[in-house]
Amino acid sequence: MKSINIGLLGFGTVGTGVVKILQQNSGVIEKRLGAKLNLKWIADLDVERDRGVKVDKNILTKDASKVLNDPEVNIVIELIGGYEPAKSFILQALKNKKHVVTANKALLAKNGSEIFETASKNNVDIGFEASVGGGIPIIRAIKEGFTANNIQSVYGIVNGTCNYILSKMSDEGRPFNEVLKEAQALGFAEANPSLDIDGIDSAHKVTILASLCFGVRVDFDKVYTEGISRITPIDINFAREFGYRIKLLAITKRSGNEIEVRVHPTMTREDNPISKVNGVLNAIEIIGDAVGENMLIGRGAGDMPTGSAVVGDVIEISRNILNGGVNRVSPLSFLSKYIEDAKIKSISNIVSEYYIRFSVLDKPGVLSKISGILGNNSISISSVIQKGRGEKGGVPLVVMTHSAKEKDIQKALSEIDKLDVVLDKSVLIRVENGERG
Ligand code: HSE
């Protein structure tokens, strides 16, 4: 039986999952591939630590160049993460005509174009299924399963940490900071949680999704990104009263000749399937012009789910090597000559429905002042709730709007927040009813 040689860079959580899958599932993999996957090298700065998986000591090395320069290595798996040295290693592997599999969403979000172009120029494949949605095969679904469609929009819960925190806050009525601390103690959130809770990890992933769906280069710095740290149980409860849940959504959609690419807490209708995806699970809804709505749900992180995506890419590339199919599908599935810079709509130009919570003095005339300013800015109200009576610290007044321009909303809020009857900065959450209306 033929062998495909693999070099692994990075023996951390996902690297260990990859090794376990290659060992445990070698039988089924060989039956599907008709060849053996031979792990020839594992490079990591720490080659002493027990990873809970047995490997031949002779394949461990601290020196990545042994992997990158070994002429027998066919596929390099990069699981180091971050920008450097991961980027240099990937580029060197591609230039050495090695196929590459990576889970590195941060790197692909910022330097994807350079990496994909280098792969195409060197006539080698690059797999990055594990970069979005962990074990969910969303990249392959977009590149191949939905390839007949003009994709219209994508709505994703692509960060398990945020989904876990928001689900707990919603189920138990507890504040953000308390749930975050508990999640850190249980190992569900990083000691430095910023990448997750500030929405940056989701922004990396939606950048990759937008490039794939629309065949464009996306400037990561233009992706509007807002995290979940300002979400409170008060807003979660009001959302529920209006029939909504709050999720951190990564959204990309066509909007005229522009595309929207944004990440922010979003109110989604409780009967929308995405509202029911709780805990650490991820979910990605794709809407195509021919196929309509589709949703994939699964584990977005962890050694085995992410390892499943990595090894899936290794198998696909091995099939291409064995059957002369390298570069059968281009990295973004669009041919590189058609890939253009994305025209990204700025957040102030989007149109959405909005939830706005004002903290106001409870006295006559306040609602009419606020609704007057909203009206003067062309914002139409769909519902209002006011709770409490005569409390010193003010009472919440919640307004749901019909579709409005974000720039009108922002202008109205800056006027309203200056009123002497308004006690605190107002809270705004975008409402997404998707294509369901
Ligand atoms: N930190 C991510 C999450 C997983 O919480 O979902 C890795 O992409």
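Conventions used here
Every residue gets a number counted from 1 within its own chain, in the order that chain's sequence is written. Per-residue local features are limited, in this predicted model, to residues with pLDDT of at least 70; the limit for side-chain atom pairs, both in listing and counting, is 80 or more; totals at the level of whole chains, interfaces and linings are taken over all residues. In computing side-chain values, all of the structure's heavy atoms are included and hydrogens and water are not. By convention in these notes, a salt bridge is any Lys or Arg side-chain nitrogen within 4 Å of a carboxyl oxygen on Asp or Glu. Secondary structure follows DSSP: runs of H or I at least 4 residues long count as helices, runs of E at least 2 residues long count as strands, and numbering of each begins at the N terminus. Residue burial is assigned from relative accessible area. The probe radius is 1.4 Å, only protein chains are included, and a residue is buried under 20% of its type maximum, exposed over 50%, and partly exposed in between. Note on definitions: the grid is 1 Å and covers protein atoms alone; a cavity is a set of points where a 1.4 Å probe fits but cannot get out; a pocket is an open set with protein on both sides within 12 Å along at least five of seven lines; lining residues have an atom within 4 Å of a point. Grid points are joined across faces, edges and corners, and a volume is the space filled by probe spheres set on the points. For this classification, Asp, Glu, Lys and Arg are treated as charged, while Ala, Val, Leu, Ile, Met, Phe, Trp, Tyr, Cys and Pro are nonpolar and the rest, including Gly, are polar. Multiplying 1.5 Å by the helix residue count minus one yields the expected span of that helix. Any N or O atom pair separated by 3.5 Å or less is treated as a polar contact, with the protein-specific requirement of one donor-capable and one acceptor-capable atom, and with residues adjacent in sequence counted only for side-chain atom pairs. Contact definition: two residues touch when any of their heavy atoms are within 4.5 Å. Residues are classed as near a molecule or strand on a simple rule: at least one heavy atom within 4 Å of it. For accessible areas, the Shrake-Rupley method is used with a probe of radius 1.4 Å. Any residue's cover is judged against the shown protein chains and nothing else. Those molecules having more than half of their atoms within 2 Å of a cavity or pocket grid point set are described as sitting in that cavity or pocket. Strands are treated as partners if at least two bridges between them are detected by DSSP. What makes a patch is a set of residues exposed beyond 30% relative accessible area and free of salt bridges, joined within 9 Å when like-charged and within 5 Å when nonpolar (Val, Leu, Ile, Met, Phe, Trp, Tyr). A fitted line through C-alpha atoms serves as each axis, taken over the contacting stretch for helices, and the angle formed by two N-to-C directions is quoted from 0 to 180°.

Caption draft 1: View of the pattern of salt bridges. In the structure shown here, the tally under the stated rule is 31 salt bridges. Across the salt bridge formed by Glu72 and Lys40, the nearest N and O atoms sit 3.1 Å from each other. One end of the pair, Glu72, is in the loop between α3 (64-68) and β4 (75-78); the other, Lys40, is in strand β2 (residues 35-43), and 32 residues separate them in sequence. Judged by its relative accessible area of 22%, Lys40 is partly exposed. The partner of Arg174 in a salt bridge is Glu178, with the nearest N and O atoms 2.8 Å apart. A relative accessible area of 41% places Glu178 in the partly exposed class. One network of salt bridges, with partners in common, ties together Lys168, Glu172, Arg174, Glu178 and Glu182.

Caption draft 2: Broad picture of the layout of surface pockets. Considered as a void within the structure, the largest pocket measures approximately 1500 Å³ in volume. What lines the largest pocket is a set of 50 residues, and nearest its centre among them are Thr13, Val14, Lys105, Glu190 and Ala301. Looking at the lining of the largest pocket, the elements that each hand over two or more residues are α1 (13-24), α5 (105-121), α7 (160-172), α9 (194-197) and α10 (200-214). Of the residues that constitute the lining of the largest pocket, the class distribution is 21 nonpolar, 20 polar and nine charged.

Caption draft 3: Spotlight on helix α12 (residues 303-322). The end-to-end C-alpha distance of α12 is 28 Å, a good match for the 28 Å that 20 residues give at a rise of 1.5 Å each. A positive phi of about 65° marks Gly324, the residue just after α12.

Caption draft 4: Local environment of the side chain of Asn149. Tracing the sequence through the fold places Asn149 in the loop between α6 (138-145) and β7 (151-157). Asn149 sits in the buried class, given a relative accessible area of 14%. At a separation of 2.8 Å, a polar atom in the side chain of Asn149 contacts the main-chain amide nitrogen of Val291. Excluding residues within four positions of it along the chain, Asn149 makes contact with Gly288, Asp289, Ala290 and Val291.

Caption draft 5: Layout of the site of the ligand. Every residue lining the ligand is accounted for by Lys105, Asn159, Gly160, Thr161, Asp196, Asp201, Lys205 and Ala301. A distance of 2.6 Å separates an oxygen atom of the ligand from a polar backbone atom of Gly160. Between the ligand and Lys205 there is a distance of 2.7 Å, counted from an oxygen atom to a side-chain nitrogen or oxygen. A total of 260 Å² of accessible area belongs to the ligand in isolation, and the protein chains cover 81% of it. The cavity where the ligand resides is the largest pocket. Of all the secondary-structure elements, those providing two or more residues to the shell around the ligand are α7 and α10. In the shell around the ligand, the residues fall into one nonpolar, three polar and four charged.

Caption draft 6: Expanded view of unusual backbone geometry. Cis geometry is adopted by the peptide bond preceding Pro85, which originates at Glu84 and carries an omega value of 10°. On the secondary structure map, Pro85 appears in the loop between β4 and α4 (86-95). Of note, Asn123 is a non-glycine position whose phi angle comes to about 55°, a positive value. Within the fold, Asn123 resides in the loop between α5 and β6 (126-127).

Caption draft 7: Spotlight on the pairing of strand β11 (residues 258-269). For β11, the buried fraction is high: 10 of the 12 residues fall into the buried class. Relative to β11, strand β10 (residues 244-255) runs antiparallel, the two sharing 12 bridges. Bridge assignment links Tyr244 to a residue of β11, and that residue is Arg269. Relative to strand β19 (residues 427-432), β11 runs parallel, the two being bridged by three bridges. Bridge assignment links Thr268 to a residue of β19, and that residue is Glu432.

Caption draft 8: Representation of a nonpolar patch on the surface within the structure. Residues Leu186, Phe188 and Val280 make up a contiguous nonpolar surface patch of about 250 Å² in total accessible area. Structurally, the position occupied by Leu186 is in the loop between α8 (176-185) and α9.

Caption draft 9: Quick peek at the sheet that holds strand β3 (residues 60-61). Judged by pairing direction, the sheet is parallel, and its six strands sit side by side in the order β3-β2-β1-β4-β5-β6 without closing on themselves. Edge positions in the sheet fall to β3 and β6, since each of these pairs with one other strand and no more. Strand direction decides the pairing type here: strand β1 (residues 2-9) and β4, joined by four bridges, are parallel. Residue pairing for β4: Leu8 is matched across the bridge by Ile77. Along the sheet face, α1 touches β1, β2 and β4 and points at about 150° away from the line of β2.

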